[in-house]
Each structure stands twice: as C-alpha cells, then as structure tokens.
Amino acid sequence: MDWSAWRDEFPTFRRTTYLNTCSLAPLSRRVRAAQEQFFDEWEALGASAWYERWTSALHDLREKVARVLGARSEEIALAPNVSVAVSSVASAVDYRTRPRVVMSEIDFPTLAYQWAVKPEAAPVLVASEGRVTVRPEVFEQAVDDRTSIVATSHVYYTSGAIQDIARVAQIAHRHGALALVDAYQATGQLPTDVKTADVDVLVTGGLKWLLGGTGVAFLYVRKALIPNLSPTIAGWFGNARMFDFDPKAFAFHDTARRFELGTPSLAAVFAASAGIDIVLEIGVDRLRQRTTELTSDLIERLIAAGFAVRTPSSPEHRAGIVMIELKDPAKTVKALAGRKFIVDYRHDRLRLSPYFYNTAEDNERFVDALSGITRRLT
Ligand SMILES: Cc1ncc(COP(=O)(O)O)c(C=O)c1O
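Residue indices begin from 1 for each chain and proceed along its sequence in written order. Thresholds applied to this predicted model are a pLDDT of at least 70 for local features of residues and 80 or more for the giving and counting of side-chain atom pairs; totals over whole chains, interfaces and linings are not thresholded and use all residues. Only heavy atoms go into the side-chain values, all of them from the structure, while hydrogens and water stay out.

**Student:** Account for the sheet that holds strand E2 (residues 76–79), naming residues and giving values.
**Tutor:** Across the sheet, which stays open at both edges, the seven strands sit in the order E2-E8-E7-E6-E5-E3-E4 with mixed pairing between neighbours. Each edge of the open sheet carries a strand with a single partner, namely E2 and strand E4 (122–126). The sheet shows a mean angle of 20° between the axes of neighbouring strands, direction not considered. Sheet analysis places E2 next to strand E8 (residues 217–221), joined by four bridges and oriented antiparallel. Its bridge partner lying in E8, Ala79 is registered against Ala217. We call two residues in contact whenever any of their non-hydrogen atoms come within 4.5 Å of each other. Comment: axis = line fitted to C-alpha atoms, over the contacting stretch for helices; angle = value between 0 and 180 degrees taken between N-to-C directions. By definition, any uninterrupted DSSP run of H or I lasting at least four residues is a helix, any uninterrupted run of E lasting at least two residues is a strand, and each is numbered from the N terminus. Sitting on the sheet, helix H3 (residues 49–69) is in contact with E2, strand E7 (201–205) and E8, with an inclination near 120° to E2. Sheet strands touched by helix H7 (residues 165–174): strand E5 (147–153) and strand E6 (178–182). Its angle to E6, the strand with the most contacts, is close to 150°. Only strands that DSSP links by at least two bridges are regarded as paired with each other.

Structure (structure tokens):
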C-alpha cells in the first residue's frame, strides 16, 4: 500500500499536521466530489432525484455499513446522530421490572444522558481504572436480573482502550439484558463483527474513522430482536406503508427501518458513502495494522521525551487514540494550533489520533513541537 498517495487525497495535509481523526476526519477530495454530485443532481433533477437517485443512495449506504460491521443491510437504520439512534432503541425498552442500565463513567456521556432523563430508569455508572479502561469483572458485579441494558463503548474516547464487547455481551445476556455498544471510536479503524461479538445493538457514526462528514449515524439491531422492539418515538420513515399517508395506520417495518424517523440529510448521506468507500477500498484489517504501527511509534516517542501517556501499554488493547496527561491541555492545543498541529483534549489530557494518512515524520515533528511548547508553558 502506497500510503503517501492517500495523503494527497486529503488536502489539509498541505497546510497542517492533522492528528485529530477521532474528533473529525479531515475532508477528502472524494467526499468533496460526492457533495458536488449531490448538488448537481439536486439542481438537475429536483424532487425526482428522490426516485432516480436518493432512495438508492440510502439503500447503498445501509449496505456499506452492514459490510463494515458484518451485519445484513436490513439490520441497519440511518439516524442523524448517535444520540437519536440510542433514543429510538431506548424508547422501546420496558424499564418497569428492569430499571437498571449499566454503563461506565468513561463512556461518551450522550449514553448516560439518555437514561438520566428517564425517571423510570436507574442508570448505573461503573468506575474505571484511571479513566483508561474498565475490567469486565466490574461490569459483571454491576449487572443483575433487574438490568435491561448494558451500554458501553467498543473503544473508549477518553483513552483509546479497546473493550472486549463479546465479553460484555455475554455478561448482559447471562442476566437477560441487552448489550448496546457505542462503536463510534471503533468503526473503520478496528475490525468489528457484530455476529461474532453477539451484541444486540450497535451505534456508530460517519464523521470520524469512516471519513464522512456530520449529519449521519448508523444503528445496528440484531435481526431476531427487531420484532420485539417497538420504539415509542416515531415518524413516517419508520412506517412500513409510509406512502399510504394514512394518519390512522402505523405499521412498523419488520427491518431496522422501524427505528428511522424522518427525512434524512441527503448531503450527509453522500458524504458518508464516499468516506466509507475509502475505508472499504483499503480494508479495515489494513487500516488497523497501519494505525497500530503509527500509534506504537507515537507512544514510543512520547515516552522517550518524558510525557505521561494514559493509553493502554499493549498494542492489542489500544486503538488509534493516544492520551497525554498535561497541566494545561487547552492552552497546549491552542499553542499547537498556532504551529499548524491539529489535536484536541478531553479533561486533563491531550488527545491525538493518528490514522493511515499520517506518517512517522508527523509523529516526530509533533513530539518536537509538544516538547518545545510544554517547556515554555511550565
Ligand atoms: C464514542 C462517541 N459516541 C458518541 C459521540 C457523539 O454522538 P452524536 O452522534 O450523538 O453526536 C462521540 C463523539 O462525538 C463519541 O466519541
């Protein structure tokens, strides 16, 4: 694989050293071209673009997502963001005899907020080890027969730690609970097979490791489970007979489409589809290998320069996110941006996320710049 050729696909590298895919992937030429195509077709076809192009674009996107996740396309629903996807599934659960929803304190907070506002639910946030990871035994202790859902991450956004989602699913199933995985920080960079992992529900989105833009997210629901989940938030896209336009009759789709609500953002669909094409063309296994090499190289350099890395030490337990504990990460991010290094921070840690278009030279220049800045700031 000629990785340097891929770098040309992302013009931002002419101006910046971009190490922030886990916040937002840089714009590729292909995604920009797909946006242009969307506008051209809108202009040329008007409303008939729906029948000639857009309905099949929605179908194609569901299929591509299914391929990345090892799912079937009828198990995939589109949503505007992960929060809406989770809301739809969470609205279908009966909390009366199973009020407990078990999550961890280091999952992305949109999960916890979902159940924090439901008076009938009793959210439980299990403790992490140093905000890096959570041992499966900790989930084991928290999950019981009054638990309806275990909802947690495939890769923690706070550390890059990979969670054994098959083990989490086993723990949930032993108690008759559902396993819901937030894979936003995994999909694309880390192989995920929903069937092998035996998870019930998985949510993920397009704007990070799948290289698309904002405005579209994805929901997987295991086929056998779909008929048992009737969301109590609804819209015409979830109606199997949507074109009857009959306000007196609502019939749930027998596919994951029942979790869709209203008109999707088609521009976002085109962008997401073009982004996923790149991921499928390279292949998730190759992306994983490349990211592991870059992440290991970056961590070695950071440790050699004396930084406190807060990411799992073994490559098999970490994905493409590297956290560094610093006194003032917000100031550091700003100072780095002044030197055209684009990174981010969460809490007291600087966050870097190398992907296939980055290089060992990016890592080297970044560690040099960070060393200079932190010397100045302390
Ligand atoms: C793990 C994870 N889940 C969810 C989100 C965001 O969810 P939403 O699509 O609802 O904005 C993010 C980051 O933006 C994330 O890192």
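**Student:** Which residues make up helix H10 (residues 284–304), and what are the values?
**Tutor:** One fewer than the residue count of a helix, multiplied by 1.5 Å, yields its expected span. Compared with the 30 Å implied by 1.5 Å per residue over 21 residues, the 30 Å span of H10 between its first and last C-alpha is a close match. Burial classification: accessible surface area is computed with a 1.4 Å probe over protein chains only, and a residue below 20% of its type maximum counts as buried, one above 50% as exposed, and the rest as partly exposed. Turning to H10, its buried residues number three or more, namely Val284, Leu287, Arg288, Arg290, Thr291, Leu294, Thr295, Ser296, Asp297, Leu298, Ile299 and Leu302. Within two residues after H10, Gly306 carries a phi angle of roughly 90°, on the positive side.

**Student:** Describe unusual backbone geometry, and please don't skip the residues or the numbers.
**Tutor:** Its identity is not glycine, yet Lys340 carries a phi of approximately 70°, on the positive side. If you trace the backbone, Lys340 turns up in the loop between helix H11 (329–338) and strand E11 (341–342). One non-glycine residue with positive phi stands out, namely His347, at about 55°. Counting through the fold element by element, His347 comes out in the loop between strand E12 (344–346) and strand E13 (349–352). The exposure class assigned to His347 is partly exposed, which follows from its relative accessible area of 48%.

**Student:** Explain the pairing of strand E10 (residues 322–325) residue by residue, including any values.
**Tutor:** Looking at chain direction, strand E9 (residues 308–309) and E10 are connected through two bridges and run antiparallel. Among the inter-strand pairings, Ala308 is bridged to a residue of E10, identified as Glu325.

**Student:** Describe the site of the ligand, and please don't skip the residues or the numbers.
**Tutor:** Proximity is defined per residue: any heavy atom of the residue falling within 4 Å of a molecule or strand makes that residue near it. Taken together, Asn81, Val82, Ser83, Phe108, Tyr157, Asp182, Tyr184, Gln185 and Lys208 make up the full set of residues adjacent to the ligand. Whenever two N or O atoms come within 3.5 Å, that pair is a polar contact, provided that in protein one can donate a hydrogen and the other can accept it, and provided that, for residues adjacent in sequence, both atoms are side-chain atoms. Asp182 is positioned such that a nitrogen or oxygen atom in its side chain is 2.7 Å from a nitrogen atom of the ligand. Taking Lys208, its side chain carries an N or O atom lying 3.0 Å from an oxygen atom of the ligand. Only the protein chains shown count as cover for residues, and the accessible areas themselves come from Shrake-Rupley with a 1.4 Å probe. Notes on the ligand: free accessible area 400 Å², of which the protein chains cover 82%.

**Student:** For the packing of helix H9 (residues 266–282) against H10, give the residues involved together with the corresponding values.
**Tutor:** Between H9 and H10, whose axes approach to 6 Å, the crossing angle comes to 85°. Judged on the interaxial angle alone, H10 and H9 are roughly perpendicular. Mapping the contact onto sequence places Val279, Glu281 and Ile282 in H9 and Val284, Arg286 and Leu287 in H10. Residues were grouped as follows: Ala, Val, Leu, Ile, Met, Phe, Trp, Tyr, Cys and Pro as nonpolar; Asp, Glu, Lys and Arg as charged; and all remaining residues, including Gly, as polar. Of the residues assigned to the contact of H9 with H10, the class counts are four nonpolar, no polar and two charged. For classification purposes, angles smaller than 35 degrees are called roughly parallel, those larger than 145 roughly antiparallel, those between 65 and 115 roughly perpendicular, and all remaining angles oblique.

**Student:** Report on the layout of surface pockets, specifying residues and quantitative values.
**Tutor:** What the largest pocket holds in volume is close to 380 Å³. Grid points spaced at 1 Å and placed over the protein atoms alone form the basis of the search, with a cavity being a set where a 1.4 Å probe fits but cannot get out and a pocket an open set showing protein on both sides within 12 Å along at least five of seven lines. Lining residues have an atom within 4 Å of a point. Lining the largest pocket are 16 residues, with Thr55, Leu58, Phe237, Met242 and Arg257 positioned closest to its centre. Residue contributions to the lining of the largest pocket peak at six residues, all from H3. Among the residues forming the lining of the largest pocket, the class breakdown is eight nonpolar, five polar and three charged. Grid points are joined across faces, edges and corners, and a volume is the space filled by probe spheres set on the points.

**Student:** Outline the packing of aromatic side chains, listing residues and values.
**Tutor:** Any two rings among Phe, Tyr and Trp, with Trp reduced to its six-membered ring, count as a pair given centres within 6.5 Å; such a pair is stacked if its planes are under 30 degrees apart, edge-to-face if over 60, and tilted if neither. Counted by the stated rule, this structure contains 22 aromatic pairs. On the basis of an interplanar angle of 90° and a centroid distance of 5.1 Å, the ring pair of Trp236 and Phe237 is categorised as edge-to-face. Accessibility expressed as a relative area gives 7% for Phe237, which makes it buried. Relative to Tyr357, the ring of Tyr355 lies with its centre 5.6 Å away and its plane at 85°, an arrangement referred to as edge-to-face. Here the two residues Tyr355 and Tyr357 agree in accessibility, since each one is buried. Taken together, Trp3, Trp6, Phe10, Phe13, Trp209, Tyr355, Phe356 and Tyr357 form an aromatic cluster joined through their ring pairs. A cation over an aromatic ring shows up here: Lys208 above the ring of Tyr184, its NZ or CZ 5.0 Å from the ring centre. Remark: a charge is flagged as sitting over a ring if the NZ atom of Lys or the CZ atom of Arg is within 6 Å of the ring centre and within 35 degrees of the ring normal.

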